[in-house]
Structure formats: structure tokens, C-alpha cells
Amino acid sequence: MLSIHSLKRDWLANPRGDLLAGTVVALALIPEAIAFSIIAGVDPAVGLYASFVIAVTIALVGGRPAMISAATGAMALLMVTLVKDHGLQYLFAACILTGIFQLIIGFLKLGSLIRFVSRSVMTGFVNALAILIFLAQIPELTNVTWQTYALVAGGLAIIYGFPYITKAIPSPLIAILVLTGLVMWLGIDVRTVGDMGQMPSTLPVFGIPQVPLTWETLQIIAPVAATLAFVGLLESMLTANIIDDMTDTPSDKDKEARGQGIANMISPFFGGMAGCAMIGQSIINVKSGGTGRLSTLWAGLFLLFLILVLQQWVAMIPMSALVAVMIMVAIGTFDWNSIKRLKATPKQSSIVMIVTTVAVVLTHDLSKGVMLGVIMSAIFFALKVSRLVSVERIETDDDTVQKYQVHGQIFFVSADLLNASFEFHGHPKTVEIDLTHARIWDITAVDAIDKIVFRYRRHGAEVTVIGMSEACSTLVGKVGQFDKTFLPTGVSH
């Protein structure tokens, strides 16, 4: 149950700052929402409605105050094939299923699993996203007139130059306004947003996706929905971590996962696509003074006002202006320092980052690249930990007695190394294996100990295994085959 104090803290602690920050975010959202819609192959209204619905919903039910969620490039890239092959209605159905998957993940409290995604994988993911966003602009830069290139160059000059004058208004919005005015004034014949589809002129209307409720439909939308759910939560959790660090406040990852699910379930019923947290807009919000949920709510509401009142002007925006904005997003998203750190970072980390980036770019599937990166990180980690296993032979006065002390983590990767560390020659009469400083993790480790004990026994030696913790003893007792003699050492693992 939320207390009055927590409600005031989240909503009314900084009303002026939240409203101003939300206004800036809403202005900056317009070009990006339109551009992401075009990437997905849908009308601009779909991205704009989605940004409004998701921002308002996540402000109410999300787990990270001041974080902005809306239509994003990461999600849009995953929708292209489905929209092209099956149409918009199937996209709406897939987005609803995306929300259901995310809601289930939130209720199962799996949001905290983001900690298993290494920094190298995160960096590879972000870099690949930047590359894909840039590549998505290539069609707008091929077989066009020189005026298009001039407008793109002018837009980039404004985007990067205007902040030196003032940062009160987002420079991408200034670029959009200037280039739109220039095209209208000079009558330059270039593609505009209006050429891409009809702009919305009314409030979002409730509607149910017109798709057959069949097993075939589920087979079509489920893979896309699962990928959208995974990528959306991955980017949202990453963004939440960044805002946590910037504001020095915690976030509820599982609540955020549920919030993302609810928002993505609602959005398609009002003509919007699925979305997730936006790293760039969230940072803009915090740096502009936004700290509470009010900033996110106002960003969504003010966005709706802008697209309804100024929709005729939005339709006149030249595509070259949006290309400039998206190139800026790609450049800003790419972690350029990761290139400089290649020589300084461990080889394994660099390999994971590069493989993740290349895999995502080649497959155009963020989830596959990230999963590959996570698997590689786990393999490298297992190999590193396996090398930490050591077996020390303790000298004794009696040559017929051998004592060994094992250190490290014993599991399926280090089992062979453990076996190779024992001396089986000399035919000792008594062998003592001390596991006080070791930990047995799986049945492969137990099997390795079995083999060691039985090999000594075949040579006529009496073998005792001592120093196991209660957890290790329980595991060995369940699956081990040798006769165990436990001599407690007082050491707990």
C-alpha cells in the first residue's frame, strides 16, 4: 500500500521542475516517435499514439520515476518484417502479447535477472542498436537529389551547433523547425512526413486488433512478441540502472517490468505500437530537472496536445530532417569510448562486446546477439573460475600416507583439472582429501571425487574425505557413490 509520503515524493516533490522537463521531453519526442514509426513501416500516428499512451501509463504504474518510455528504435527495428509480411493488425496483436509476456516476467520477479547481463554485452547491444539505426537511414539517402543531402548536413549542423547558443530547447526540435520552414519557404521538392501516411487528427480511439484468433495467428506473432518483450525489458532495465546512478535513488525492476507490460498491452488498443524506456529522453528529462512521475505524465499529455493541435505542421516535416535526427541518435547512442578501451580491457570482455555487436548487426535481431553475448560471458567466466582450482599435497613423515588439500570451485568445467592434480603412483596405504577450502557445485564434481576415491581404492589405499560443508555433504550424500567419512572442521561454506 502506497503511503501519502511516497505519493508526494513521486508526484509533488518537484512540480515546477517536472513540468518544465516534461515539456522539453515532449518536444523532443515528436521527431523521434515519427522517425521510429517510419522505421517500423507504419504511419506516424502509430508511433505518436504509442508514445502518448506508454508515457502516461508508465508514469502511473512504472517502477522508475522520471524515466521516459515511448516508441523506440530498438523495438521498431524488430517490427519491420511482421508489418511487411502480415500488416498493421498483426503488429497490434503481437504488441499485446508482448505486454502479456512482460507482465508475466514482472510477476515472476525476473526483472532482477538483468544483473546477469555483463557490461560487455550491454555495450555490444548499445553499439549494435546505434549501427542498425544508422543503417535504417540508408534508403532515405539513396537515389535522392542533392537538396536532400544539403538538408541532412544542415540539420546535423543545427543539432550539434545550437546547444552552444542555448540548451533550453532541444536542438533536434530546432533542426526540424528550421528545415521545415526552409523547405516551405523555398518550395524545395523533397519527401515529407505527410508522404508517409495520414497524420492523426483525433484522439486515440479504442479498437480491437482485427486478426483471426487461431493457432496460426499465435505462431506468427509469438516469436516477434517474445523478442519484443525481451529487448524492451533489456533496454528498460539498462535505462533504469542509468537513471538510478544519475539520481542516486533505487528503482523497482520487477514493478518496472510489470509496468512496461501493462503499457504495451494498452497501447495497441489505442492504435499504438509497443515501446520501452528511452535512454536518451530519460537522460534529457533528468538533466532538465525532472525527478518524479509527473515529468513522465506531462511529457505524454503535452505530446498529445502537440500532435492534435499542430498536426498539419508536423505533416510538412521533410524526411531529411528526420534522417538528421536519427543520425544524431545513432552517433549519440554508440559508445565510442568502448573502441578506445579495447586495448586496456581484458581480451575476453572485448571479444564478447565485438561478437555481440556483429551478431546483432548481421541478424538484425537484438535478442539473438545479446543471448550469444551472455552465453559467451558465462563460458569465459566458467573457464576463468575453473583455473582457480588447486590441489596441494601436504608433506607427512610417513611415505605410506598422502594428504591433499583442495582449494577452489569444483564443477563441470574444473572436474578434469581436479582429477589431473592427484598423484596416483607410489601405492599409499592411506589417503586423506581435505575439502575445507573447496566447494562442490554439481554432480560432475561429485563424480570427479568418486573417480579419485575409487582409483585410490583399486590400488589398495584407504581413502577419507574431510572438511565438507553441510551443503556439500548433502549433495555428496544424495549422488555420491563412495563410503563417506565426515570429519567436521568447523568451516562453513
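Residues numbered from 1 in each chain as written. Predicted model: local features only at pLDDT ≥ 70, side-chain atom pairs only at ≥ 80, totals over all residues. Heavy atoms only, no water.

Another point: the overall build of the protein chain. For the protein chain, the count of helices and strands is 20 helices and six strands. On C-alpha atoms alone, the protein chain measures out to a radius of gyration of 29 Å, which is more than a quarter above the 23 Å that the 2.2 N^0.38 rule sets for 493 residues. Taking the principal axes of its C-alpha atoms as reference, the protein chain extends roughly 100 × 55 × 50 Å. The buried share of the protein chain, reckoned over its 493 residues, is 52%. A sequence separation of at least 24 residues applies to 83% of the contacts in the protein chain between residues at least 6 apart. Here the protein chain has roughly 23300 Å² of accessible surface; of this, 64% comes from carbon and sulfur atoms. Taken as two groups, the 32 positive and 33 negative side-chain charges of the protein chain have centres that lie 4 Å from each other. (Helix = DSSP H or I, 4+ residues; strand = E, 2+ residues; numbered from the N terminus. Rg over C-alpha atoms; globule rule 2.2 N^0.38 Å. Buried < 20%, exposed > 50% of the residue type's maximum accessible area, 1.4 Å probe, protein only. Contact = heavy atoms within 4.5 Å. Areas by Shrake-Rupley, 256 points an atom, 1.4 Å probe, with all protein chains shown as cover. Lys, Arg positive; Asp, Glu negative; His and termini not counted. Charge placed at Lys NZ, Arg CZ, Asp CG, Glu CD.)

Let us now look at the sheet that holds strand β6 (residues 462-466). Strand order in the open sheet made by the four strands is β3-β4-β5-β6, with mixed pairing throughout. Each edge of the open sheet is held by one strand with a lone partner, namely β3 (390-394) and β6. Looking at each pair of strands side by side, their axes are set apart by 20° on average, direction ignored. Note that strand β5 (residues 430-440) and β6 share five bridges and pair parallel. From the neighbouring strand, valine 431 faces β6, where its bridge partner is valine 463. (Pairing = 2+ DSSP bridges. Axes fitted to C-alpha atoms, helices over the stretch in contact; angles between N-to-C directions.)

Okay, the pattern of salt bridges next. Across all of its chains, the model carries five salt bridges by this definition. Residue glutamate 140 is joined to arginine 191 by a salt bridge in which the shortest nitrogen-to-oxygen separation is 3.1 Å. Pair noted here: glutamate 140 is in the loop between α6 (119-135) and α7 (146-161) and arginine 191 is in the loop between α8 (171-186) and α9 (215-247), with a separation of 51 residues, a long-range link. Using a relative accessible area of 17% as the deciding quantity, one classes glutamate 140 as buried. Linked by salt bridges that have partners in common, Arg64, Asp244 and Lys253 make up one network. (Salt bridge = Lys/Arg side-chain N within 4 Å of Asp/Glu carboxyl O.)

Another point: the nonpolar core. Counting residues in hydrophobic clusters, the biggest one holds 107 residues, and the most contacted among them are Ile34, Met79, Leu91, Met273, Ile317 and Leu322. When neighbours within four sequence positions are excluded, methionine 79 is seen to be in contact with Ala40, Leu91, Cys95, Leu228, Met273 and Ala274. Core analysis: the next-biggest nonpolar cluster, separate from the first, contains 27 residues, Phe422, Ala461, Met468 and Val476 among them. (Core = buried A, V, L, I, M, F, W, Y, C linked by side-chain atoms within 4.5 Å.)

By the bridge criterion, nine bridges tie strand β4 (residues 401-410) to β5 in an arrangement that is parallel. Considered in β5, the bridge of glutamine 409 is made with arginine 439. For the crossover that starts at β4, traverses helix α18 (residues 415-420) and ends in the parallel β5, the hand is right-handed. Crossover handedness for the path β5 to helix α19 (residues 443-458) to β6: right-handed. (Right-handed = clockwise from strand over helix to strand, strands pointing away.)

So, about the packing of aromatic side chains. Tallied over the full model, the rule gives nine aromatic pairs. Between phenylalanine 206 and phenylalanine 269 the ring centres are 5.5 Å apart and the planes differ by 10°, which places this aromatic pair in the stacked class. With phenylalanine 206 in the loop between α8 and α9 and phenylalanine 269 in the loop between α10 (253-266) and β2 (276-277), this residue pair connects regions lying 63 residues apart in the sequence. Judged by its relative accessible area of 24%, phenylalanine 269 is partly exposed. Pairing phenylalanine 302 with phenylalanine 305 gives two aromatic rings, centres 5.9 Å apart and planes at 20°, and the pair type is stacked. Taken as a pair, phenylalanine 302 and phenylalanine 305 lie in helix α12 (residues 293-309) at a separation of three residues, close to a single helical turn. A relative accessible area of 17% places phenylalanine 302 in the buried class. The positively charged end of arginine 439 is found above the aromatic ring belonging to tryptophan 441, 4.5 Å away from the centroid. (Phe/Tyr/Trp six-rings, centres within 6.5 Å; stacked < 30°, edge-to-face > 60°. Lys NZ or Arg CZ within 6 Å of the ring centre and 35° of its normal.)

Our next topic: a nonpolar patch on the surface. Side chains of Tyr160, Ile331, Trp336, Ile339, Leu342, Ile354, Val358 and Leu362 sit close together on the surface and give an oily, nonpolar patch of about 750 Å² of accessible area. The leading source of residues in the nonpolar patch is helix α16 (residues 347-363), at three residues. Exposure remark for isoleucine 354: the relative accessible area of 41% places this residue in the partly exposed category. (Patch = residues over 30% accessible without salt bridge, like charges linked within 9 Å, V, L, I, M, F, W, Y side chains within 5 Å.)

Packed helix pairs are specified by the crossing angle of their axes together with the interaxial distance, meaning the distance between the axes. In the contact formed by α7 and helix α14 (residues 319-333), the axes pass within 8 Å of each other and the chain directions differ by 50°. Considering their axes alone, α7 and α14 lie oblique with respect to each other. You can see that α7 and α14 cross each other, and the crossing is right-handed. Each of Thr148, Leu151, Val152, Gly155, Leu156, Ile159 and Tyr160 in α7 lies in contact with α14, whose residues at this interface are Ser320, Val323, Ala324, Val325, Ile327, Met328 and Ile331. A class-by-class count of the residues in the contact of α7 with α14 yields 11 nonpolar, three polar and no charged. (Parallel < 35°, antiparallel > 145°, perpendicular 65-115°, else oblique. Left-handed = near helix turned anticlockwise from the far one by under 90°. Nonpolar A, V, L, I, M, F, W, Y, C, P; charged D, E, K, R; others polar.)

Bringing the side chain of aspartate 244 into the picture now. The residue aspartate 244 is located in helix α9 in this model. Here aspartate 244 is in contact with Arg64, Thr249, Pro250, Ser251 and Lys253, once residues within four sequence places are set aside.

Moving on, we come to the side chain of glutamine 137. For glutamine 137, the location among the structural elements is in the loop between α6 and α7. Aside from chain neighbours lying at most four places away, what touches glutamine 137 is Ile39, Val323, Met326 and Ile327.

Per-residue pLDDT for the protein chain has a mean of 84; in total, 95% of the residues score no lower than 70. Between residues 484-493, whose pLDDT stays under 50, and residues either more than four places distant or in other chains, the model counts 20 contacts. (pLDDT = per-residue confidence, 0-100.)

Along the chain, the position of leucine 342 falls in the loop between α15 (337-340) and α16. Along the sequence, leucine 342 and valine 325 sit 17 residues apart, while their C-alpha atoms lie 29 Å from each other. Not counting the four nearest positions on each side in its chain, leucine 342 is found in contact with Ser350, Met353 and Ile354.

Moving on: the environment of threonine 436. Checked against the element boundaries, threonine 436 lands in strand β5. It is 38 Å that separates the C-alpha atoms of threonine 436 and aspartate 254, two residues lying 182 residues apart in sequence. Separated by 2.5 Å, the side chains of threonine 436 and aspartate 434 make a polar contact. (Polar contact = N/O pair within 3.5 Å; in protein donor to acceptor, adjacent residues only side chain to side chain.)

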